[in-house]
Number of protein chains: 2
Amino acid sequence: MDAAEFRKSGKQMVDYIADYLEKIDKRQVFPDVEPGYLRPLIPDCAPQDPESFDDVFKDIEKIIMPGAASPACTELETVMMDWLGKMINLPEEFLAEKGGQGGGVIQGSASEATLISLLAARTKTIRRVQSEKPELTEADIMGRLVAYASDQAHSSVEKAALIGGVKIKKVSSDDKFSVCGSSLKKVLDEDRASGLIPFFFCATLGTTPCCSFDKLFDLGPICNKKSFWMHIDAAYAGSAFICPEFRHLLNGVEFADSFMFNPHKWLLVNFDCSAMWVKKRSDITSVFKLEPLYLQHQHQDSGLVTDYRHWQIPLGRRFRSLKLWFVLRMYGVRGLQEHIRKHIRLSHQFEDLVLQDERFEICAEVVLGLVCFRLKGSNELNKELLKSINEAKKIHLVPCHLREKFVLRFAICSRVVETTHVEFAWQHISQLATDLLKAWEQNHHQQHQQ
Amino acid sequence: MDAAEFRKSGKQMVDYIADYLEKIDKRQVFPDVEPGYLRPLIPDCAPQDPESFDDVFKDIEKIIMPGAASPACTELETVMMDWLGKMINLPEEFLAEKGGQGGGVIQGSASEATLISLLAARTKTIRRVQSEKPELTEADIMGRLVAYASDQAHSSVEKAALIGGVKIKKVSSDDKFSVCGSSLKKVLDEDRASGLIPFFFCATLGTTPCCSFDKLFDLGPICNKKSFWMHIDAAYAGSAFICPEFRHLLNGVEFADSFMFNPHKWLLVNFDCSAMWVKKRSDITSVFKLEPLYLQHQHQDSGLVTDYRHWQIPLGRRFRSLKLWFVLRMYGVRGLQEHIRKHIRLSHQFEDLVLQDERFEICAEVVLGLVCFRLKGSNELNKELLKSINEAKKIHLVPCHLREKFVLRFAICSRVVETTHVEFAWQHISQLATDLLKAWEQNHHQQHQQ
C-alpha cells in the first residue's frame, strides 16, 4: 500500500468509525453468536497472494461486528495465531485448531513472553518437586531453582528471573556465539550435583548482539530429558521462518515447550504484537487461574472458550489480532516473504561492500538482516567511528560487544529500504572511516614527534 | 468532538501520516535536541478550558517531531503524568517536575502497576532484612514475605503475589466493605508474632464489586510505621478526584509509596493508559536495572533522563502520552470534570429510581458511577433477574457478591450516556422484574397446589 492508497483507505476507516459511533445505539449490547462462531467463517490459513483493502474491510462488518469485541477479539486471535504458526510450519502441537492442548497468544513484548514461560515452568517444577519431596516448602524449592540462557541472550531473560525471584545463570556460547548442548549439560550437571534445581532454559534464535542461533537440536533432548522447560526467544529472527529457505533455522522447535517471535519487528505489523505459542495451554493458565464472580461467564468450564486473561499479566486486552489479519491478507504470504528476502539480500549487499574494503572486518556470520562489522584495529578506533557516524545523523547504528571486541551493527529495518540506501550508507561510513583514519594517523604521528 | 468533527480531524491525521511517510527520507534519523528539551516548550499544567484539535495538531510538528520518538516519547510522558498528578492534587512528592525523587509512568494495566509496586516492595524488604539479619538467605526471606489486600480487592493483587512468589492474605473489610486500620493491624500483629514478614499492602479506592473505599487515614500510619509498602489501586475511582468535591476520597494518599488509576477507564482516554506514580523512583528502578551495551546511551548516568524501561516489565514502549495530551487539551480540565459529574449525577438518578420501587434495595453506598442493587428476596430470584436482563440484550449488567448477597451492578460508562438512557434502562429492568415476579409467584402457587 503506497501513500495514495493509505490516504484513501485511512479515510474510509475514519468514516467507518464515525458511522459506528453515530449509530451505536442501534446495535445490540451483547452478541448473538456462540463460542467458536468465527473459525468457520474464515479460511484456515493465510492467503498466498495479497487481497485488497476493500475485501478485508468488508469482513469487519461481516465477521467481526456480529461477535463484537467479545468473543471476536479472542477468537480472531486464536485463529490468527494458527495462521501465523502454519506460515512458519510450527509443529501441530503448538496450534489450537484441532482441539489439541496447544495454542497461541499475542503478548505485548518478548519480555512478557519470556516471563510467562518462566513462571509456567516455575509453577510446574514447584508442584513436581513438592510431590516428590513433600518435606520441602515452596520457599525451599524457590531458593534452589535456576534458569539458564546464553551469555548472548537478551537482558529480558535476566529481568524475567528477577521478577520470578529465581536464580539465573549464563551459559557460555561457542566461537559462533551459539550455545551448544555440551555447554548447557556441563552447567546443569554441576548445578544438580550441588543441590540446585535447574528448571528453565531460554534458547535464542537470532541473538540481539549478532543474530546467532542456539543449537536447538543439541539442546532440545537435554531439556526434554528431565522435565525442564525450553522456551525459544526468536523475537527478531522468527519472521524469517516464513521463507522455506530459512525455516531450517527453526528445526528443533519440536523440543520446546514455548516459542515466540515478534511480528512487530520484521513482519510489517505495527508495535506491539509478540506472538507466543505453547504446547500445553494448561501449563500457563495454571499459574494464574483466579475466578472472581465479576469475571465469570456461562462458558467458563465448557472448554470452548480461551480465557486469554489467564495467559498473560494484564487482565484487559487490546484487539491486536486485527493488525495481523489485515497485514497477512493485504500482503499475502508471498508479499511478506518478498519483504524478508529483500532485507536479507540487502544485508548481504552491505556485507559484500564491507568485505571489499580491506580496512574492515565482518565479525559474525550474516544470516538475516544484521551485519556486524568493524574497522580492523582497536576498540577505541571503532568507538570513534561509531561516534562520527551517529553524530553525522545521516544513519544511526547501535553497537555491541562480541567477546573483547567493540562491534558496529548495521541493521536493515525499514519497510521502504532499497539498494540505493545501502550504497549511500556504505559510502558514508567509508568516507567517515577515511577521515577518521587520517586524523588518527596524524595524531599518532604527532605523538611520535613530541 | 462530535462525529462530523471526528471525520474532519481523523482525515487530517491520515493525511499527516501519509505526508510523513512520503517525505520520511528528508528527516534526520536522530534528533538534535538535548534531554529535557520538551518541558519548557509546553505549559506546566493542563488547560482549564478546551483547546481546538487544530491547536493540538500543530504542536505535533512543532514540539514532538523535533524530539522524534526518543526522547519525545519519554519526556511527554513525564510531563503528562505531572499534569495528571496536579489535576488530582497529588502531593508534590509524587511529581517529577522539581527534580524530586518521585514521578509518574504509564503502565499497560492496573495489574502491571500492582505487580511493579509489589516487586519494588519485595526488593526493598529483602535488602533491608538481609542487612539486619545476614544469616537469612534470600529464599528464607521470600518464604516469609506476606502481601495484604482487602477481601474486596481486585483479583490482580492476588495475581501479582503469585507472580512475585510471595504469600498473600485477605484483610476483612467492614460493613461498608472498607478495610479499616484495626483490621489490618490485627493480622499484621499476628503474622509478625509468628515470624512472617509483612511487606506490602494494596489499598483500594473504589473496589470492583461495589466501589467502596479503604480508609487511608487509618491505614497509612500503620503502613508507614514499619517500612511497609502501601500501594493504592484507584483504577476506576481515580478519575473522579479531578473534581474538588470528590478529592477528599484521596486524602491519605500522602502515606502511600505508590498510587495508580486508569485514565482509560473514566477519563475518556482510549485503552490502555494506566497512570502510576511513585514517591521514590529508585525503589522501582532498583528492581530491574540491567544495562547491556546495546541499551546504553550517552545520558546514562546524567540523571537528566528517565529510563522508563526500568519502570516496567516490557522493554519496548508505545507513545501513550500522546493520547493523554490530546484528551487533556481538547476537553480541558473543566470538560473532564463535567463528564465525571454527569456520570455521577446519572448514577444517583438510577439510585433514586431504585429507591422509589419498594421491590428493590440498594446494597452499597452510591459514591461514584456504580449502583449496586437487587430485588429484595433470594439470590436465586436475583440470578433469574440478571439472566432475563442480559438475555434481552438491551442493556448488559455484570453481577457481584457482597457477603452472602448476589447483587446486580449498574455502571454508568459511556461517553454519550444521557438521562434518557438511564430511564430506559430502569423501565426495562422494572418491567422484567414485574414479569419475573409474576412467573415466580405463579410457580410458587403451583408448587403449593401440587
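Residues numbered from 1 in each chain as written. Chains lettered and ligands numbered in written order. Predicted model: local features only at pLDDT ≥ 70, side-chain atom pairs only at ≥ 80, totals over all residues. Heavy atoms only, no water.

From N to C terminus, chain A includes 13 helices and eleven strands. Relative to the compact-globule value of 22 Å for 450 residues, chain A shows a C-alpha radius of gyration of 25 Å, a close match. Taken over the C-alpha atoms alone, chain A extends approximately 85 × 70 × 35 Å along its principal axes. Residue burial in chain A is summarised as follows: out of 450 residues, 58% are buried. Sequence separation of 24 or more characterises 72% of the internal contacts of chain A that already satisfy a separation of 6 or more. Total accessible area on chain A stands at roughly 19300 Å², and carbon and sulfur atoms take up 52% of it. For chain A, the distance from the average site of its 56 positive side-chain charges to the average site of its 59 negative ones is 3 Å. (Helix = DSSP H or I, 4+ residues; strand = E, 2+ residues; numbered from the N terminus. Rg over C-alpha atoms; globule rule 2.2 N^0.38 Å. Buried < 20%, exposed > 50% of the residue type's maximum accessible area, 1.4 Å probe, protein only. Contact = heavy atoms within 4.5 Å. Areas by Shrake-Rupley, 256 points an atom, 1.4 Å probe, with all protein chains shown as cover. Lys, Arg positive; Asp, Glu negative; His and termini not counted. Charge placed at Lys NZ, Arg CZ, Asp CG, Glu CD.)

Further remarks concern the domain arrangement of chain A. All names here are of chain A. Splitting chain A by domain gives domain 1 (74–331) and domain 2 (333–449). Between domain 1 and domain 2, the C-alpha centre-to-centre distance is 33 Å. Tallying the contact residues gives 27 residues for domain 1 and 22 residues for domain 2. For the pairing of domain 1 and domain 2, the buried interface totals around 2200 Å² over both sides, and the portion due to carbon and sulfur atoms is 68%. For the pair domain 1 and domain 2, the number of links is two salt bridges. Close ionic contact of Arg341 with Glu245 constitutes a salt bridge, the shortest N to O distance being 2.6 Å. Of the residues that constitute the side of domain 1 that touches domain 2, the class distribution is 20 nonpolar, four polar and three charged. (Domains from an automatic or database assignment. Buried area = accessible area lost by both parts, 1.4 Å probe. Salt bridge = Lys/Arg side-chain N within 4 Å of Asp/Glu carboxyl O. Nonpolar A, V, L, I, M, F, W, Y, C, P; charged D, E, K, R; others polar.)

Mapping chain A onto chain B is achieved by rotating through 180° and translating by 0.0 Å along the same axis, at an RMSD of 0.0 Å. The operation mapping one copy onto its partner corresponds to a two-fold rotation axis. When you check the interface residues of chain A against chain B, 100% turn up at the interface there too, and the contact is symmetric in its surfaces. (Least-squares fit on C-alpha atoms with pLDDT ≥ 70 in both.)

A few words now on helix 1 (residues 3–22) of chain A. With 20 residues, helix 1 of chain A extends 28 Å between its outermost C-alpha atoms, agreeing within 8% with the 28 Å of an ideal straight helix rising 1.5 Å per residue. All buried positions along helix 1 of chain A are accounted for by Ala3, Arg7, Ser9, Gly10, Val14, Tyr16 and Ala18 of chain A. Buried residues along helix 1 of chain A sit against helix 2 (53–64) of chain A together with helix 1 (3–22) of chain B. At the N-terminal end of helix 1 of chain A, a side-chain oxygen is found 3.2 Å from the backbone nitrogen of Ala4 of chain A, two or three residues along, and the residue is Asp2 of chain A. (Expected span 1.5 Å × (residues − 1). Polar contact = N/O pair within 3.5 Å; in protein donor to acceptor, adjacent residues only side chain to side chain.)

Let us look at helix 2 (residues 53–64) of chain B. At 3.6 residues per turn, the α-helix brings residues three or four places apart onto the same side. Compared with the 16 Å implied by 1.5 Å per residue over twelve residues, the 15 Å span of helix 2 of chain B between its first and last C-alpha is a close match. Structurally, helix 2 of chain B contributes buried residues whose contacts are with helix 1, helix 3 (72–87) and helix 12 (321–355) of chain B.

Our focus in this paragraph is the packing of aromatic side chains. Considering all chains together, one arrives at 34 aromatic pairs over all chains under this definition. Ring geometry for Tyr308 of chain B against Trp311 of chain B: centres 5.1 Å apart, planes inclined by 70°, an arrangement best described as edge-to-face. As far as burial versus exposure is concerned, Tyr308 of chain B and Trp311 of chain B are alike and both buried. Three or more aromatic residues joined by ring pairs form one cluster here, namely Tyr16, Phe53, Phe57, Trp325 and Phe326 of chain A. Of note, Arg329 of chain B hangs over the ring of Trp325 of chain B, and the distance from its end group to the ring centre comes to 5.0 Å. (Phe/Tyr/Trp six-rings, centres within 6.5 Å; stacked < 30°, edge-to-face > 60°. Lys NZ or Arg CZ within 6 Å of the ring centre and 35° of its normal.)

This next bit is on the sheet that holds strand 3 (residues 167–171) of chain A. All names here are of chain A. Reading across from one edge, 1-7-6-5-4-2-3 is the order of the seven strands in this open sheet, with mixed pairing throughout. With partners counted over all chains shown, the strands left at the sheet margins are strand 1 (103–107) and strand 3, one partner each. On average, each strand axis in the sheet is tilted by 20° relative to the strand beside it, whichever way the strands run. Judged from the five bridges that link them, strand 2 (residues 145–150) and strand 4 (residues 197–204) form a sheet pairing that is parallel. Across the sheet, residue Ala149 finds its bridge partner in strand 4, namely Cys202. Contacts from helix 3 (residues 72–87) reach strand 1, strand 6 (258–261) and strand 7 (274–278) within the one sheet, and its direction differs from that of strand 7 by about 85°. (Pairing = 2+ DSSP bridges. Axes fitted to C-alpha atoms, helices over the stretch in contact; angles between N-to-C directions.)

Counting residues at the interface gives 64 residues for chain A, matched by 64 residues for chain B. In this assembly, chain A packs against chain B so that about 5500 Å² is buried in total across both faces, 68% of it on carbon and sulfur atoms. On inspection of chain A and its partner chain B, the count reaches twelve salt bridges. The interface formed by chain A and chain B holds 24 residue pairs in polar contact (both at pLDDT 80 or more) in total. Taken together, the elements giving at least two residues each to the side of chain A that touches chain B come down to helix 1, helix 4 (110–132), helix 5 (138–144), helix 6 (155–164), helix 10 (281–288) and strand 10 (398–402) of chain A. Top contributing element to the side of chain A that touches chain B by residue count: helix 1 of chain A, with twelve residues. For the side of chain A that touches chain B, the per-class residue count stands at 33 nonpolar, 14 polar and 17 charged.

Right, let's talk about the pattern of salt bridges for a bit. The tally for this structure, following the rule as stated, stands at 65 salt bridges over all chains. Between Arg317 of chain B and Glu77 of chain B there is a salt bridge; the shortest N-O distance is 2.7 Å. Taken together, the residues Arg317 of chain B in the loop between helix 11 (281–288) and helix 12 and Glu77 of chain B in helix 3 connect sequence positions 240 residues apart. Each member of the pair, Arg317 of chain B together with Glu77 of chain B, is buried. The salt bridge partner of Lys342 of chain B is Glu418 of chain B, with a shortest N-O separation of 3.1 Å. Taken together, the residues span a long stretch of sequence, with Lys342 of chain B in helix 12 and Glu418 of chain B in the loop between strand 11 (405–411) and helix 14 (419–449) at a distance of 76 residues. Salt bridges here are not isolated pairs; linked through shared partners, they connect Asp272, Arg318 and Arg320 of chain A together with Asp272, Arg318 and Arg320 of chain B.

Glancing now at the environment of Ala139 of chain A. Mapped onto the fold, Ala139 of chain A is located in helix 5. Between the C-alpha atoms of Ala139 of chain A and Ile126 of chain A, which are 13 residues apart in sequence, the distance is 9.5 Å.

All names here are of chain A. Following the UniProt record, one finds the feature "modified residue: N6-(pyridoxal phosphate)lysine" (unreviewed entry) at Lys265. For Lys265, the position within the fold is in helix 9 (residues 263–266). By relative accessible area, which is 47% here, Lys265 ends up partly exposed. In this view, Lys265 contacts Ala235 and Tyr236; residues no more than four positions away in its chain are not counted. (UniProt positions renumbered as here; feature names shortened; annotations may be inferred.)

Here we take up the environment of Asp15 of chain B. Among the structural elements, Asp15 of chain B can be located in helix 1. Look at Asp15 of chain B and you get partly exposed, because its relative accessible area is 23%. In contact with Asp15 of chain B, not counting residues within four places along its chain, are Arg7 and Lys11 of chain A.

This paragraph deals with the sheet that holds strand 1 (residues 103–107) of chain B. Residue and element names in this part refer to chain B. On the basis of which strands lie adjacent, the open sheet formed by seven strands has the order 1-7-6-5-4-2-3 and mixed pairing. Since the sheet does not close on itself, it has two edges, and those belong to strand 1 and strand 3 (167–171), each with one partner. Within this sheet the neighbouring strands show an average axis-to-axis angle of 20°, counted without direction. As defined by bridge partners, strand 6 (residues 258–261) adjoins strand 7 (residues 274–278) across four bridges and the pair is classed as antiparallel. Looking at strand 7, one finds that Phe259 is bridged to Trp277.

Before going further, it helps to examine the side chain of Asp82 of chain A. Residues and elements named next belong to chain A. Structurally, Asp82 can be placed in helix 3. Residue Asp82 is classed as buried on the basis of its relative accessible area of 1%. Within the structure, Asp82 has its side chain in polar contact with the backbone nitrogen of Ala96 (distance 2.9 Å). Other than its neighbours up to four places away in sequence, Asp82 contacts Arg39, Leu95, Ala96 and Glu97.

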